[in-house]
Amino acid sequence: MTTKRYQRLISSGLVQPLDAVRFHGGEAPLVRRLMAGAAVLPQANQHIAVHEIRGAAREERGYCDPHRHDCAELNLLLTWDRLLFRVALGDEVYTVEAPATIYIPPRLLHSANVVEGTGFYIAMLGNSDYESTFVE
């Protein structure tokens, strides 16, 4: 009989309501799945959230409020069609089209809101305790 010694290292993630995440409330045309973090694979010492967007109609949205982390954040925008996000970095606002990578240095005020499209927005931070990364 084969032992499943490494089964605990595999996870399909945890679907979380966006309004359960600080600074990320309101209506958003996406599904958020925590793939690594305090509640899923905490031994990875990373926070990785995948946001799946399907056919979002063009609209100005504000479900993600400006916020800061005490560690760097890396975001990936991926699509097989078209995906646009409005990204605020400090006092500058960009419309970013996938594919794209967005690097957010520690303590930089930022937000990201889908404008339109289909694809994935992946947020990664080097700390499994996401709630502890917020700074004022």
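Presented here is an overview of the structure given in this document. (Residues numbered from 1 in each chain as written. Predicted model: local features only at pLDDT ≥ 70, side-chain atom pairs only at ≥ 80, totals over all residues. Heavy atoms only, no water.)

1. Looking at the pairing of strand E6 (residues 83–89)
Counting buried positions along E6 gives 6 out of 7 residues, so the element sits mostly inside the fold. Examined bridge by bridge, E6 and strand E9 (residues 110–125) share 7 bridges and lie antiparallel to one another. Within the sheet, the bridge partner assigned to Phe-85 lies in E9 and is Val-114. The hairpin formed by E6 and strand E7 (residues 92–97) contains 2 residues between the paired strands, and Gly-90 there has a positive phi angle of roughly 65 degrees. (Buried < 20%, exposed > 50% of the residue type's maximum accessible area, 1.4 Å probe, protein only. Helix = DSSP H or I, 4+ residues; strand = E, 2+ residues; numbered from the N terminus. Pairing = 2+ DSSP bridges.)

2. Digging into a nonpolar patch on the surface
A cluster of nonpolar side chains, Tyr-6, Leu-9 and Ile-10, forms an exposed patch at the surface whose accessible area comes to about 330 Å². You can call Leu-9 partly exposed: its relative accessible area is 41%. (Patch = residues over 30% accessible without salt bridge, like charges linked within 9 Å, V, L, I, M, F, W, Y side chains within 5 Å. Areas by Shrake-Rupley, 256 points an atom, 1.4 Å probe, with all protein chains shown as cover. Salt bridge = Lys/Arg side-chain N within 4 Å of Asp/Glu carboxyl O.)

3. A few points about the nonpolar core
Core analysis: the largest hydrophobic core is formed by 20 residues, its most contacted members being Ile-53, Leu-77 and Phe-85. Listed by contribution, the elements that provide at least two residues to this core are strand E3 (47–56), E6, strand E8 (100–104) and E9. Contacts of Leu-77, omitting those with residues within four sequence positions, involve Leu-83, Phe-85, Val-96, Ala-98, Pro-99, Ala-100, Ile-102, Phe-120 and Tyr-121. In terms of nonpolar packing, the next biggest core, distinct from the first, is built from 5 residues, Val-21, Cys-71, Tyr-130 and Phe-134 among them. (Core = buried A, V, L, I, M, F, W, Y, C linked by side-chain atoms within 4.5 Å. Contact = heavy atoms within 4.5 Å.)

4. Structural notes on the pairing of strand E2 (residues 30–36)
Summarising the sheet, strand E1 (residues 14–16) and E2 pair through 3 bridges and their orientation is antiparallel. Pairing of Gln-16 across the sheet is with Arg-32, part of E2. The pairing of E2 with E3 spans 6 bridges and is antiparallel. Each residue of the ladder has a partner; that of Leu-30, found in E3, is Ile-53.

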